[in-house]
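Breakdown of the fold
One-letter residues, chain by chain:
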Amino acid sequence: MVTPLPNDQQAQLQALYDAMAPEGLTPLWEVLSALVPPQPNSPARPHAWSYASARDYLMRAGDLISAAQAERRVLILENPGLAGQSSITPSLYAGLQLILPGEVAPCHRHTQCALRFVMEGEGAYTSVDGEKAVMQPFDLVLTPGGQWHDHGNPSAQPMIWLDGLDIPTVQHFDAGFAERLETEVHPETAAPGSTLAQYGRNLRPFRGSAADRRPAHQPMFHYRYQDWRASLDQMAAGAAIDPHLGHALEFVNPADGGPVMPTIAAHVRLIPAGFATRPRCSTDGTVFVVVEGSGEAVIGEQRVPLSPRDIFVVPSWHMLTLRAETPLVLFGYSDKAAQQKLNLFREECA
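In what follows, the accompanying structure is described. Not measured: the values here are computed from a predicted model.

Reading the values: rules and limits
Residues numbered from 1 in each chain as written. Predicted model: local features only at pLDDT ≥ 70, side-chain atom pairs only at ≥ 80, totals over all residues. Heavy atoms only, no water. Helix = DSSP H or I, 4+ residues; strand = E, 2+ residues; numbered from the N terminus. Rg over C-alpha atoms; globule rule 2.2 N^0.38 Å. Buried < 20%, exposed > 50% of the residue type's maximum accessible area, 1.4 Å probe, protein only. Areas by Shrake-Rupley, 256 points an atom, 1.4 Å probe, with all protein chains shown as cover. Phe/Tyr/Trp six-rings, centres within 6.5 Å; stacked < 30°, edge-to-face > 60°. Salt bridge = Lys/Arg side-chain N within 4 Å of Asp/Glu carboxyl O. Patch = residues over 30% accessible without salt bridge, like charges linked within 9 Å, V, L, I, M, F, W, Y side chains within 5 Å. Expected span 1.5 Å × (residues − 1). Arc of directions from axis to C-beta. Contact = heavy atoms within 4.5 Å. Pairing = 2+ DSSP bridges. Axes fitted to C-alpha atoms, helices over the stretch in contact; angles between N-to-C directions. Core = buried A, V, L, I, M, F, W, Y, C linked by side-chain atoms within 4.5 Å.

**A word on the overall build of the protein chain**
Looking only at helices and strands, the protein chain features eight helices and 22 strands. Relative to a compact globule of 350 residues, whose C-alpha radius of gyration would be 20 Å, the protein chain shows 23 Å and is just as compact. Principal-axis analysis of the C-alpha atoms places the extent of the protein chain at approximately 75 × 55 × 45 Å. Among the 350 residues that make up the protein chain, the fraction classed as buried is 47%. With the model as given, the accessible surface of the protein chain reaches about 17200 Å², and the carbon-plus-sulfur share is 55%.

Set out below in structure tokens:
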């Protein structure tokens, strides 16, 4: 307990603070406990978004503004504890993007790293440096920082995906740049699927050869649902289940075996029907999408019912328990990649 100061000392200190303020000087002892807390105390709150409700608003927006007018027609998933900050956690952004049939979201690039997790529709594409990744539900597509990308929908149905970016992290460092291509669509540089075929099977073209097109540090950008889902099933059939995570697989960058992007890590989990994970907390605030199944997430004291395509966020250092009524498959992304590089990541299991 901090010993209260005598009134005369308080008055003299306040007079000192008032005199120092114009010089840009403030007393550390008044704010030390907030700057160096005993444990994380995130301003973000546990929260869930109904996909059906968000989709309705997004489709209504599609009637009012085109993808060309908006550049990116997106509804931000803003954490109620971070009002006005366009953030889902203090370091991450999330939004639902809509591309209607026949539309193109024009080509640009930026410092921020982005992932796209497909929620609905098939046959649309994300083009990365001129190569199209043709998207199917629950595919993961990356648009790494600094790489040109555009989106198009030649199909007959709406296409919706979850955007996950490190916008708040880049803002923190005041390091953001953006550039728009003079043409709406990047010229084609490779046939669709070329990168997946050449870099996606623990192989790569000879470095420096004519076929080696992709950046050495970030060659892969398309992780297909059909591949990762099959791997989860194979894991569940033969591996012991982790009591805190269920069956869990991390997406990796084949160049170095690390996270898929410098600041963002992504993973998938399978919780068998009737299974409940033991409580676990970690310093990386995580955004989850329910891919399949139903159940419940207990985040601290808050209970969140889980249905397909719903989205929920677990802020830093909040205990999470997952309970599956039917086989529950989740996709998640977080700032774990950045935290590990900075030696900040920590987890605790009950």
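**A word on the packing of aromatic side chains**
In this structure the tally under the stated criterion is 10 aromatic pairs. The interplanar angle of 5 degrees and the centroid separation of 4.0 Å between the aromatic rings of Phe117 and Phe331 together place this pair among those described as stacked. Of this pair, Phe117 sits in strand 5 (residues 114-120) while Phe331 sits in strand 21 (residues 328-334), and the two are 214 residues apart along the sequence. Taking relative accessible area as the criterion, Phe117 reaches 0% and is therefore assigned buried. According to the relative accessible area criterion, Phe331 is buried, its value standing at 0%. Arranged with centres 5.1 Å apart and planes meeting at 85 degrees, the rings of Tyr225 and Trp228 form a pair that is edge-to-face. Here Tyr225 pairs with Trp228, and both are found in helix 7 (residues 225-238), just three residues apart, close to one helical turn. What makes Tyr225 partly exposed here is its relative accessible area of 22%. With relative accessibility at 5%, the residue Trp228 sits in the buried group.

**Looking at the pattern of salt bridges**
By the definition in use, this model includes 16 salt bridges. Across the pair Glu131 and Arg213 runs a salt bridge whose closest N-O atoms are separated by 2.6 Å. A residue pair is termed long-range when its members are at least 10 positions apart, and Glu131 in strand 7 (residues 131-134) and Arg213 in the loop between helix 6 (194-199) and strand 12 (222-223) qualify at 82 residues. In this structure, the salt-bridge partner of Glu296 is Arg303, at a minimum N-O distance of 3.1 Å. Among the residues examined, Arg303 registers a relative accessible area of 52% and is labelled exposed.

**Some points on a nonpolar patch on the surface**
On the surface, Leu28, Val31, Leu32, Leu35 and Val36 cluster together into a nonpolar patch covering about 460 Å² of accessible area. By secondary structure assignment, the location of Leu32 is in helix 2 (residues 32-35).

**Thoughts on helix 1 (residues 7-20)**
With 14 residues, helix 1 extends 20 Å between its outermost C-alpha atoms, agreeing within 8% with the 20 Å of an ideal straight helix rising 1.5 Å per residue. Taken residue by residue, helix 1 has Leu13, Tyr17 and Met20 as its buried positions. Angular distribution of buried residues about the axis of helix 1 spans 65 degrees; they occupy a single face of the element. In helix 1, the exposed residues that point more than 90 degrees away from the buried face are Asn7, Asp8, Gln12 and Ala19.

**Quick notes on the environment of Pro219**
Mapped onto the secondary structure, Pro219 falls in the loop between helix 6 and strand 12. Looking at Pro219, the relative accessible area reads 2%, which means it is buried. Separated by 21 residues in sequence, Pro219 and Gln198 place their C-alpha atoms 9.5 Å apart. For Pro219, the residues in contact, after removing those within four places along its chain, are Thr195, Tyr199, Arg214, Asn253, Pro254 and Ala255.

**Remarks on the sheet that holds strand 5**
On the basis of which strands lie adjacent, the open sheet formed by six strands has the order 2-3-10-5-8-12 and antiparallel pairing. At either end of the open sheet lies a strand with only one pairing partner, and these are strand 2 (74-76) and strand 12. With three bridges joining them, strand 2 and strand 3 (residues 93-99) adopt antiparallel strand pairing. Counted as the bridge partner of Ile76 is Gly95 from strand 3. Docked against the sheet, helix 3 (residues 51-64) engages strand 2, strand 3, strand 5 and strand 10 (159-165), running at close to 55 degrees with respect to strand 3.

**Points about the nonpolar core**
Counting residues in each nonpolar core, the largest one holds 53 residues, and the members touching the most others are Leu96, Phe117, Leu162, Phe331 and Tyr333. Residues in contact with Leu96, not counting those within four places in the same chain, are Tyr51, Ala54, Leu58, Arg73, Val74, Leu75, Leu77, Met119, Ile160, Trp161, Leu162 and Ile311. Phe288, Val304, Leu306 and Leu320 belong to the second-largest nonpolar core, a separate cluster that totals 14 residues.

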